[in-house]
Amino acid sequence: LGIPDVPLDLTATPGDGNVTLAWSPPALDGGSPVTGYRVFRGVYDGPMEEIDVIGAVTEFVDEGLTNGVEYSYSVLAINALGDGPRAGAVIVVPLGLPDAPTGLEISAQPMKLTLSWAAPLETGGSAVTGFIIYKGPSEGELELLEAMPASATGFVDDDLVVGETYFYAVAAETAAGVGSMCPSVSAMAMDVPDAPGDLVADAGDGQVELTWTAPSDGGSALTGSVVVRTSGGDTEEFELGVVTSYTDTDVTNGETYFYAIAAINEAGPGEYTEPVTVTPERPVTPPGKVMSLVADAKGARVTLQWNAPRDDGGSPVTGYVVYR
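Residues numbered from 1 in each chain as written. Predicted model: local features only at pLDDT ≥ 70, side-chain atom pairs only at ≥ 80, totals over all residues. Heavy atoms only, no water.

Caption draft 1: Region of the structure containing unusual backbone geometry. Its identity as a non-glycine residue notwithstanding, Asp 198 has a phi of 55 degrees, on the positive side. The topology assignment puts Asp 198 in strand S17 (residues 197-203). A relative accessible area of 61% places Asp 198 in the exposed class. Located in the positive-phi region is Ser 292, a residue other than glycine, with phi close to 55 degrees. Counting through the fold element by element, Ser 292 comes out in strand S25 (residues 291-298). (Helix = DSSP H or I, 4+ residues; strand = E, 2+ residues; numbered from the N terminus. Buried < 20%, exposed > 50% of the residue type's maximum accessible area, 1.4 Å probe, protein only.)

This is how it looks when you write it as structure tokens:
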């Protein structure tokens, strides 16, 4: 009779905060049945210590471990005559799935939605190897959209339909697998508005009246309009409300002005109209009466004198008509 041989085929399978050991009984039990096993554990390169004595089974689960820490294990068989030799040590690192990424945010730009996030606070003991982005029409219908590298902190989605709302979530991936998704965020896809239609500029006396038709809103309600006015090499821009007409009274008669209009929604100003040209003028009417008409008769001659009319009708007097 003698002590048993070394247990065979020792393996260690990592889990989330645990390690599962498995082995086969010794080839020789020393002539006395194996009654149990001693389990030893070491941390990093430290010495192994006995952590448990178990019955005649060939599996053991060591729990309460720290993910990411390197552990070494060995076992030996026991019979009535004593302890056999230890099996060769196996090295294992327990790993857990990473937490969800943090701080997921979404922002909308014309026909694109931009996601940004931060790495998870806990990674389960191994480095993040990538991020998985999910997309869907609702929070409960998310599907895998894109796999991103570990260095990624954002993603731009431009595969959109105007007016549709999209939901997104992100999960981290490590050597242990893909972790849980973070809480989803959502936004509606929008575009800038089209250019307003039928821009018309009517000149008046010291004013210009602009009218136009509202454009397609790009999937987001119009919030205003912007007018660009150019004259004498100077360009000015000013915003209006949600209107389809505007009277510009800050103009000078006889000066030429160029106008263009764009609509605004949440995504920003859209396309501008083709510019229209207009020159405000005072309306021209017939001049008023001449003033202070005097006739001086001398012999066969009559001399007429008068003063110009106070009102020239908006155009310089070009002559006079004398009636007799």
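Having seen the model, we can carry on.
Caption draft 2: Seen up close, the pairing of strand S18 (residues 208-213). With burial as the criterion, only one face of S18 is covered, namely that bearing Val 208, Leu 210 and Trp 212; the residues Glu 209, Thr 211 and Thr 213 on the opposite face remain uncovered. Relative to S18, S17 runs antiparallel, the two sharing 5 bridges. Counterpart to Ala 203 in the pairing with S18 is Val 208. The turn joining S17 and S18, which pair antiparallel and follow one another in sequence, is formed by 4 residues; a positive phi near 70 degrees is taken by Gly 206. Note: S18 against strand S21 (residues 245-248), 4 bridges, orientation antiparallel. Counterpart to Val 208 in the pairing with S21 is Asp 248. (Pairing = 2+ DSSP bridges.)

Caption draft 3: Quick peek at the sheet that holds strand S1 (residues 8-14). Across the sheet, which stays open at both edges, the 3 strands sit in the order S1-S2-S5 with antiparallel pairing between neighbours. Because the sheet does not close on itself, it has two edges, and the strands there are S1 and strand S5 (59-63). For this sheet, the mean inter-axis angle between neighbouring strands, taken without regard to orientation, is 15 degrees. Bridging between strand S2 (residues 18-24) and S5 involves 5 bridges; their strand directions are antiparallel. When the bridges of S5 are listed, Asn 18 appears paired with Glu 63. (Axes fitted to C-alpha atoms, helices over the stretch in contact; angles between N-to-C directions.)

Caption draft 4: Main features of the pattern of salt bridges. Within this structure, the stated rule accounts for 8 salt bridges. Where Asp 250 meets Arg 229, a salt bridge forms, and the shortest distance between an N and an O atom there is 3.9 Å. Taken together, the residues span a long stretch of sequence, with Asp 250 in the loop between S21 and strand S22 (257-265) and Arg 229 in strand S19 (residues 224-231) at a distance of 21 residues. Given the relative accessible area of 57%, Asp 250 is considered exposed. (Salt bridge = Lys/Arg side-chain N within 4 Å of Asp/Glu carboxyl O.)

Caption draft 5: Summary view of the sheet that holds strand S9 (residues 102-109). The strand order across the open sheet formed by 3 strands is S9-S10-S13, and the pairing between neighbours is antiparallel. In the strand order of this sheet, the two ends are held by S9 and strand S13 (154-157), each with one partner. Sheet twist, expressed as the mean angle between neighbouring strand axes with direction ignored, is 15 degrees. Pairing geometry for S9 and strand S10 (residues 112-118), over 6 bridges, is antiparallel. Bridge pairing in S10 links Ser 107 to Thr 114.

Caption draft 6: Looking closely at the environment of Val 185. Of note, Val 185 is situated in strand S16 (residues 185-188). Once the C-alpha coordinates of Val 185 and Lys 135 are considered, the two residues, 50 residues apart in sequence, prove to be 9.8 Å apart. Non-local contacts of Val 185, meaning those with residues more than four positions away in its chain, are made with Leu 104, Ile 106, Leu 115, Tyr 166, Phe 167 and Tyr 168. (Contact = heavy atoms within 4.5 Å.)

Caption draft 7: Structural context of the nonpolar core. The biggest cluster of nonpolar side chains holds 20 residues, and the ones touching the most others in it are Leu 104, Leu 115, Trp 117, Phe 131, Ile 133, Tyr 168 and Val 170. Elements represented by at least two residues in this core include exactly S10, strand S11 (130-136), strand S14 (165-174) and S16. (Core = buried A, V, L, I, M, F, W, Y, C linked by side-chain atoms within 4.5 Å.)

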